[in-house]
Amino acid sequence: MPAARSRIGHDRGKMLAMLIAPAFSLSLPTATAAMVATTSIAHLTGLDIAVIVVYFAMVIWIGYYLKNRANTSEEFFMAGREMTAWIAGLSFVSANLGSLELMGWAGSAYQYGILAAHWYWIGAIPAMLFLGIVMMPFYYVSKTHSVPGYLKLRYGQGSSTVAAVSFAFMTILMSGVNMFSMALVMKVVLGWNITFSIVVSSLAVAAYVALGGLRSAIFNEVLQFVLIWGGALLVPILGMIDAGGWTGLKTRILHDLPGQDYLHLWRGLGHFHDNPMGVHWTGIIFGLGFAISFGYWTTDFLVVQRVLAANSLRSARMAPVIGSFFKMAVPFIVILPGLLALVVLHNPNGSLMHLVGEDVVSAHPGMGLHSYNEVLPLMLVRYCGPGLLGLGITALIAGFMSGMAGNVSAFAAVWTYDIYQPMLRKNEPDEHYVTIGRWATVLGVVVSIGAAYLVMHAQGIMDYVQALFSFFIAPLLGAILMGMFWKRATKSGGFWGLLIGTVTSVGLWAWVHFYPAALRFVALSPDAKDMAENMYRALWSLSITVIVTLVVSLCTSGKPDSELKGLVYGATVLPKEDPVAFYKNELFWAAIAVVVFVGLNVMFW
Amino acid sequence: MTGTREIPIWFFIGVLLSVYGVMILGYGLWELATGHVANVVLAHLHAPVWWGALMLVLGLFYLVKFRPGR
């Protein structure tokens, strides 16, 4: 699985996306070679530096201002459950929207065309709407503080501990991997010292999350979301003017790059070898659109934590719906720049620039080659002068920090609520757990920094770290769906389903890793590529989890309905929400989101 | 935004957009006045002027609408 060896992640969502996208191949060893061999892409002026400094001052100010609003555990870990639907919704999307995702998917669009938009539309929207409309009532009514917390209520401590420990360990390790990856990008793009980037960004995140808890993380994520759009939106606007509008862009792509379909979402998915990604529509719909997407958006505590902080059930249901509209719009600042780069980027001699993979860049040092992953910085430099360039770079930094803040705030909550409290110190006063949460935040950042340097010196580790994440997503989805929608699911069924589903995922990965020909069995075709393998592996492990949970549950005795109240469909009477005007109703906006989602897919069919 | 007296996040966003708007619009106007235009594609469109102005207007809107104590 050579392509999988060369992926970097950002937060868990970005990492997940990268797991299923070889286009994200910003190879660490090769990128290291590239950064040594080449000069930086951009040079910042004093005005650009001032823009970046203002941003850091602002996030610290917010953390300091909110430090007195995080005195109880409910305030520190759940933001007091006081967030409005808009704040929770923007934070929900922002925690997943990071700089490496922006850069990686722009590179994917350059390499594969609009196919990359699947990861923003079918790979996100149905799951986000399902979370808001169907699953959120159970998470919210159960008053759980985390996803492992829900597993504890539904299946008992065993399943919860497996989920909590794996989440805490992998979150913090992944945070370090991403920290190093981001510092490496700053080195390649700006020539910044890696240690400087790591220390400054991580200390800022530690300060504002430790001071203000989840409320501070959420406020900053909303700020970062606005900043990402403010910094990145100018590139597609100017790029479209440069390319002669959408019609001009299409014409130039067809003229300059004949032979490959860059402009259609579904037409080339009839067979694995009909598209450059090597995927099939069944994998996109069932693997990406269901197993992976639902696994991430509905069970990953990093994003679910933001919605749990909403101030009412209606807000909690509305937040993912609001987020879905912004998620559908993200391709405008990510995919479109990648497509524009195909026709507007030129070499100094006037010829069309051809970006290449990291392996090619590192194999030809000194030739001035650029990799796919440098699409966004190249486009920024093309259109943005002093000030605007600083704004674009600040958007990248903001994206990284929002992802890292998401990681450490989720880690602090899971560590304190699901590991420390049940297993180490059960009956301490509330202030004690707040203190533990603050220290867990700082500790999380320190361990992340350690992990970043570990990866720097043993870069092969990150291949396995990223693979590890993919092992848990789909089985966790299976366990939670069975627990939430089937009253008969039992404690043993949930535990064994989760465990055997995870083992299945690991086994399939190892099978292909050590015997590449097995790809034809796992992904159903010898023409399948890595992304298809990840999609089908998720689907297999999800199926196994459901089957094992089903069989074991039928062989064991479950809980009476009275003990499932608030946890399971059919045993829960959902609270009646006050009637509101139709334009404030989450179902109305979810229907609009579905219409827009279908429209986009038809428009770019 | 949380139903209490704390400063809404939108106010912070207003502050940031306003500061950035002033900085970027100021640079854009300096470019216009001096003719020292940055060496970027489509520089004749003077993006810093209209993008900075847009940020400033949005920032001021949020500053006023969500000012503390309102």
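In short, a report on the structure.

Reading guide: rules and limits
- Residues numbered from 1 in each chain as written.
- Chains lettered and ligands numbered in written order.
- Predicted model: local features only at pLDDT ≥ 70, side-chain atom pairs only at ≥ 80, totals over all residues.
- Heavy atoms only, no water.
- Helix = DSSP H or I, 4+ residues; strand = E, 2+ residues; numbered from the N terminus.
- Buried < 20%, exposed > 50% of the residue type's maximum accessible area, 1.4 Å probe, protein only.
- Contact = heavy atoms within 4.5 Å.
- Areas by Shrake-Rupley, 256 points an atom, 1.4 Å probe, with all protein chains shown as cover.
- Buried area = accessible area lost by both parts, 1.4 Å probe.
- Salt bridge = Lys/Arg side-chain N within 4 Å of Asp/Glu carboxyl O.
- Polar contact = N/O pair within 3.5 Å; in protein donor to acceptor, adjacent residues only side chain to side chain.
- Nonpolar A, V, L, I, M, F, W, Y, C, P; charged D, E, K, R; others polar.
- Axes fitted to C-alpha atoms, helices over the stretch in contact; angles between N-to-C directions.
- Parallel < 35°, antiparallel > 145°, perpendicular 65-115°, else oblique.
- Left-handed = near helix turned anticlockwise from the far one by under 90°.
- Phe/Tyr/Trp six-rings, centres within 6.5 Å; stacked < 30°, edge-to-face > 60°.
- Patch = residues over 30% accessible without salt bridge, like charges linked within 9 Å, V, L, I, M, F, W, Y side chains within 5 Å.
- Core = buried A, V, L, I, M, F, W, Y, C linked by side-chain atoms within 4.5 Å.

## Some details on the overall build of chain B
- Regarding its fold elements, chain B presents two helices and zero strands.
- With 70 residues in all, chain B has 50% of them scored as buried.
- The contacts in chain B between residues at least 6 apart in sequence include a share of 64% that link residues at least 24 apart.
- With the model as given, the accessible surface of chain B reaches about 3600 Å², and the carbon-plus-sulfur share is 69%.

## Digging into the interface of chain B and chain A
- Contacts between the two partners involve 30 residues from chain B and, on the opposite side, 40 residues from chain A.
- Summing the contributions of chain B and of chain A, the shared interface buries around 3000 Å²; its carbon and sulfur component is 83%.
- Remark: the boundary between chain B and chain A carries zero salt bridges.
- The tally of links between chain B and chain A comes to five residue pairs in polar contact (both at pLDDT 80 or more).
- At the level of elements, α1 (9-34) and α2 (47-65) of chain B are the ones that each hand at least two residues to the side of chain B that touches chain A.
- Of all the elements, α1(B) adds the most residues to the side of chain B that touches chain A, at 13 residues.
- For the side of chain B that touches chain A, the per-class residue count stands at 26 nonpolar, two polar and two charged.

## Comments concerning the packing of helix α7 (residues 125-141) of chain A against helix α13 (residues 281-299) of chain A
All names here are of chain A.
- Interhelical geometry of α7 versus α13 gives an angle of 45° and a closest axis separation of 9 Å. One finds that α7 runs oblique with respect to α13. Crossing of α7 against α13: the hand is right-handed. Across the interface between the two elements, Pro 126, Ala 127, Met 128, Phe 130, Leu 131, Met 135 and Tyr 139 of α7 pack against Ser 293, Phe 294, Trp 297, Thr 298 and Thr 299 of α13.
- For the contact of α7 with α13, the per-class residue count stands at nine nonpolar, three polar and no charged.

## Looking at unusual backbone geometry
- Phi at Arg81(A) is positive, roughly 50°, even though this residue is not glycine.
- As for its position among the elements, Arg81(A) is in the loop between α4 (73-78) and α5 (85-94).

## Topic: the packing of aromatic side chains
All names here are of chain A.
- Tallied over the full model, the rule gives 42 aromatic pairs over all chains.
- Aromatic side chains Tyr 55 and Phe 56 sit 5.6 Å apart centroid to centroid with 75° between the ring planes, which places their arrangement in the edge-to-face category.
- Of the residues examined, Tyr 55 reaches a relative accessible area of 0% and is grouped as buried.
- Looking at Phe 56, the relative accessible area reads 16%, which means it is buried.
- Relative to Tyr 120, the ring of Trp 105 has its centre 6.3 Å away and its plane inclined at 75°; by these criteria the two rings are edge-to-face. A residue pair is termed long-range when its members are at least 10 positions apart, and Trp 105 in helix α6 (residues 99-112) and Tyr 120 in the loop between α6 and α7 qualify at 15 residues.
- Of the residues examined, Tyr 120 reaches a relative accessible area of 1% and is grouped as buried.

## So, the pattern of salt bridges
Residue and element names in this part refer to chain A.
- With the rule as written, the count across this model stands at 10 salt bridges over all chains.
- Between Arg 81 and Glu 74 there is a salt bridge; the shortest N-O distance is 2.7 Å.
- In this structure Glu 74 comes out as partly exposed when scored by relative accessible area, which is 31%.
- Across the pair Glu 82 and Arg 215 runs a salt bridge whose closest N-O atoms are separated by 2.9 Å. Residue Glu 82 is found in the loop between α4 and α5, and its partner Arg 215 is found in helix α10 (residues 194-232); the two are separated by 133 residues along the sequence.

## Re a nonpolar patch on the surface
- A surface patch of nonpolar side chains, amounting to about 340 Å² of accessible area, comprises Trp496(A), Leu499(A), Ile500(A) and Val503(A).
- With respect to the element layout, Ile500(A) can be found in helix α22 (residues 491-514).

## Things to note about the nonpolar core
- Core analysis: the largest hydrophobic core is formed by 222 residues, its most contacted members being Tyr139(A), Ile335(A), Met401(A) and Ile9(B).
- Sorting elements by how many residues they give to this core places helix α19 (residues 388-423) of chain A first, with 19 residues.

The quantities given are spatial measurements derived from coordinates; they are silent on function.
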